[in-house]
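Observations on the model geometry
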Amino acid sequence: MPPVIPPVPGHDDEFFWAGVHEGRLLAQRCTACQRLRHPPLPMCPHCRSLAWEPAELSGRGRVYSWILSHHPSEPDAEPRVVVLVELDEGLRIVSNLRGPPADAAIDLAVEVVFEETDGVTLPQFVPATS
Amino acid sequence: MNGAMNAAIVGIGQTEFSKDSGRSELQLAAEAAAAAIDDAGLAPADVDGMVTFTLDSNDELALMRSLGIPELRWMSRTPHGGALASATVQHAAAAVTSGAAGAVLVYRAFNERSGHRFGQPDANRRGAAWNWYAPYGLDTPAKIYALWFQRYMHTYGVTNADLGRYVVVARKHAATNPNAWFYQRPITLEDHQASRWIVEPIIRKLDCCQESDGGVAFVVTTSERARDLKQRPVRVVAASQSHLWGGDIMFNYYHPDVADFPEASALARQLWSTSGLTPRDVQVAMLYENFTPVVFQQLEAFGFCGRGEAKDFIAAGNIELGGAIPVNTHGGLLGEGYIHGVNNVLEAVRQLRGAAANQVADVEHVLVAAGRSAALLGRV
């Protein structure tokens, strides 16, 4: 098992990973009804439009749920806190909380950062500074 | 009535449940299927339909050749693994109710401990659906489910020790079931709390189902035909699935509130309204548990207790033999073995026949709930 399983971008989500490489957290915004959606879908479930554009998110939110994930085959590897973040825009996204696991708590205010681990860049979250 | 079925389970069969069967998955399927057909008093030539999981490695035609079944006219498979374990009942019952098949063999067989283990991480889980999870360390079912369970436990103040009280009951039931992997091996709450964390701070090792090798099978036919067969038939009173917008196979993260299990609540509404029954009409509940918290969520969703009350309901002894609603009387998937939830259907049939190792008195109806599928079975 690699330390981080890399994403395999496809047609519907390559924009997201391109944004990650530019340090931007993106979601699809339907250009017909303006609603945001994540994870990506080819069609807007609210108005069935196929037209959308990437929209940059605030990157701010709160921890909706969390667990401590130990590496499956390397017990000495540093565990990662996996979080389900509810962003200020109302979308939920799975990510990691960087820093001491003891910080993990439901409703903790967080903000996005972009970090590279073993060649894989991912959006990550840290406790909000303000 | 919406969802009403004219169908009965007339035969059950299984292999032993072990950690290393020493034989092929096809042999396990064939042994279980032959036992179920014999149990029904049918011959292989009477079977003209088959249902299994999309995840089952045993091709219908290979099993047909093994059993000597001359002709099939119905095959279907249920997706999404154990969450649709009870949908196998629905598929088979729908086939015989419609006349598409006369007698349907349902089977599930695998070497899930000595062969491919579901509980292990799989670096090959790649592609669009996993991009949102696998890179962040959600690489096993235990972790994936725990991120959902956390919200339930946080909302209702449920601790891991509360979960342990269920596990003690499951292991107590398994201890007196000779079919169970954990036969004669009960545990205490202290044993549970001393087992290692699998996912902090949610589930410990003893909260996880027993990855097992084994095969199970059952036969479904019409109620009319069932009357002339060998066993006391078990009626399919109602069976349904529930899939709600925003849900996912395992990543139940996007509903407005995931403290509860909205799919299980929707299933409960369907089954109670289709059958006209209430939780009080059910004497035994088989509740799928790949991991302990699902028992809590399903007890509440089906109305055996109120929201957030499962921990107190369990602690008060309600789910034990002799309690208000005995749950997983065979020991559950934690105690008997994980045959992907289909072994729960077999235990329900045994309870309704009066032939269970841990028999409950006067069983009229049994609920077999498996996350996003459920069946209500009844005595004829």
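Values in this document were obtained by computation on a predicted structure and should not be read as measured data.

When helices and strands are tallied, chain A shows one helix and eight strands. Starting at the N terminus and walking to the C terminus, you meet the elements of chain A as α-β-β-β-β-β-β-β-β. For 130 residues, the compact-globule estimate of 2.2 N^0.38 gives 14 Å, and the C-alpha radius of gyration of chain A, at 16 Å, lies within 12% of that figure. For chain A, the spread of C-alpha atoms along the principal axes amounts to about 50 × 30 × 25 Å. Buried residues in chain A amount to 33% of all 130 residues. Partitioning the intrachain contacts of chain A with sequence separation of at least 6 by distance along the chain shows that 48% fall at a separation of at least 24.

Attention now moves to the interface of chain B and chain A. With 26 residues of chain B at the contact, the number on the chain A side is 27 residues. The greatest single-element share of the side of chain B that touches chain A, amounting to six residues, is contributed by helix 4 (residues 141-156) of chain B.

Attention now goes to the sheet that holds strand 4 (residues 103-111) of chain B. All names here are of chain B. With mixed pairing, the nine strands of this open sheet are ordered in space as 3-2-4-7-1-8-11-10-9. Here the strands that pair on one side only, and so sit at the sheet edges, are strand 3 (74-78) and strand 9 (284-287). Taking each pair of neighbouring strands and ignoring which way they run, the sheet shows an average axis angle of 25°. Bridge count for strand 8 (residues 234-241) against strand 11 (residues 373-379) is seven bridges, and the pairing is antiparallel. For Ser240, the partnering residue across the bridge sits in strand 11 and is Ala374.

Turning our attention to the pairing of strand 8 of chain B. Residues and elements named next belong to chain B. Across the eight residues that make up strand 8, a large majority, eight, are buried. Relative to strand 8, strand 1 (residues 8-14) runs antiparallel, the two being bridged by two bridges. Each bridged residue has a counterpart across the sheet, and for Ala8 the counterpart in strand 8 is Arg235.

What follows is about helix 8 (residues 262-275) of chain B. Residues and elements named next belong to chain B. An ideal rise of 1.5 Å per residue puts 20 Å on 14 residues; helix 8 measures up with 20 Å between its terminal C-alpha atoms. Among the residues of helix 8, Pro262, Glu263, Ala264, Leu267, Ala268 and Leu271 are the ones counted as buried. Along its buried surface, helix 8 packs onto strand 8, helix 9 (293-301), strand 10 (365-369) and strand 11. Gly276 sits one or two residues past helix 8 and shows a positive phi near 75°.

Residues and elements named next belong to chain B. Core analysis: the largest hydrophobic core is formed by 151 residues, its most contacted members being Val104, Leu105, Phe218, Val220, Val236, Val368 and Leu377. A total of nine residues in this core trace back to one element, the largest contributor, which is helix 4. Once you skip the residues sitting within four places of it in the chain, Val220 turns out to touch Ala7, Ala8, Ile9, Ala92, Ala93, Val96, Val104 and Val106.

All names here are of chain B. By the secondary structure assignment, Tyr183 is in the loop between helix 5 (160-175) and helix 6 (189-194). Given 17 C-beta atoms within 10 Å, Tyr183 falls into the partly exposed group. Taking the C-alpha atoms as reference, Tyr183 lies 8.6 Å from His173; in sequence the two are 10 residues apart. Apart from the residues lying within four places of it in its own chain, the contact partners of Tyr183 are Ala174, Ala175, Asn177 and Pro178.

Considering every residue of chain B, the mean pLDDT works out to 96; 98% of them sit at 70 or more. Complex prediction metrics read pTM 0.97 and ipTM 0.96.

Before going further, it helps to spend a moment on the packing of helix 1 (residues 25-40) of chain B against helix 2 (residues 60-67) of chain B. Any two packed helices are characterised by the angle at which their axes cross and by the distance between the axes. All names here are of chain B. Between helix 1 and helix 2, the shortest axis-to-axis distance is 10 Å and the interhelical angle comes to 55°. It follows from the interaxial angle that helix 1 and helix 2 lie oblique. In this structure, helix 1 crosses over helix 2, and the sense of that crossing is right-handed. Residue-level contacts link Leu26, Ala29, Ala30, Ala33 and Ala34 of helix 1 to Ala62, Leu63, Ser66 and Leu67 of helix 2. Split into classes, the residues belonging to the contact of helix 1 with helix 2 amount to eight nonpolar, one polar and no charged.

Residue and element names in this part refer to chain A. Relative to the assigned elements, Gln28 resides in strand 1 (residues 26-30). Measuring from C-alpha to C-alpha, the distance between Gln28 and Phe15 comes to 8.9 Å, with 13 residues separating the pair along the chain. Beyond its immediate sequence surroundings of up to four residues, Gln28 is in contact with Leu36, Arg37, Pro40, Trp52 and Pro54.

For the rest of this paragraph, the subject is the domain arrangement of chain A. Residue and element names in this part refer to chain A. Structurally, chain A comprises domain 1 (11-56) and domain 2 (58-130). Summarising the inter-unit geometry, the C-alpha centres of domain 1 and domain 2 are found 22 Å apart. On the domain 2 side, the residues contacting the seven residues of domain 1 number nine residues. Of the residues belonging to the side of domain 1 that touches domain 2, the class tally is four nonpolar, three polar and no charged.

Attention now goes to the pairing of strand 8 (residues 120-127) of chain A. Residue and element names in this part refer to chain A. The pairing of strand 7 (residues 109-117) with strand 8 spans eight bridges and is classified as antiparallel. Bridge pairing in strand 8 links Val112 to Phe125. Once strand 7 ends, the chain turns through two residues before running back antiparallel as strand 8, passing Asp118 with a positive phi of about 50°.

A few words on the sheet that holds strand 3 (residues 52-56) of chain A. Residue and element names in this part refer to chain A. Within the open sheet, the three strands sit side by side as 2-1-3. Their pairing is antiparallel. For this open sheet the edge positions go to strand 2 (36-37) and strand 3, each flanked by a neighbour on one side alone. Summarising the sheet, strand 1 and strand 2 pair through two bridges and their orientation is antiparallel. Bridging from a neighbouring strand, Arg29 pairs with Leu36 of strand 2.

The rules behind these values
Residues numbered from 1 in each chain as written. Chains lettered and ligands numbered in written order. Predicted model: local features only at pLDDT ≥ 70, side-chain atom pairs only at ≥ 80, totals over all residues. Helix = DSSP H or I, 4+ residues; strand = E, 2+ residues; numbered from the N terminus. Rg over C-alpha atoms; globule rule 2.2 N^0.38 Å. Buried ≥ 20, exposed ≤ 12 C-beta atoms within 10 Å, placed from the backbone. Contact = placed C-beta atoms within 7 Å. Pairing = 2+ DSSP bridges. Axes fitted to C-alpha atoms, helices over the stretch in contact; angles between N-to-C directions. Expected span 1.5 Å × (residues − 1). Core = buried A, V, L, I, M, F, W, Y, C linked by C-beta atoms within 7 Å. pLDDT = per-residue confidence, 0-100. Parallel < 35°, antiparallel > 145°, perpendicular 65-115°, else oblique. Left-handed = near helix turned anticlockwise from the far one by under 90°. Nonpolar A, V, L, I, M, F, W, Y, C, P; charged D, E, K, R; others polar. Domains from an automatic or database assignment.

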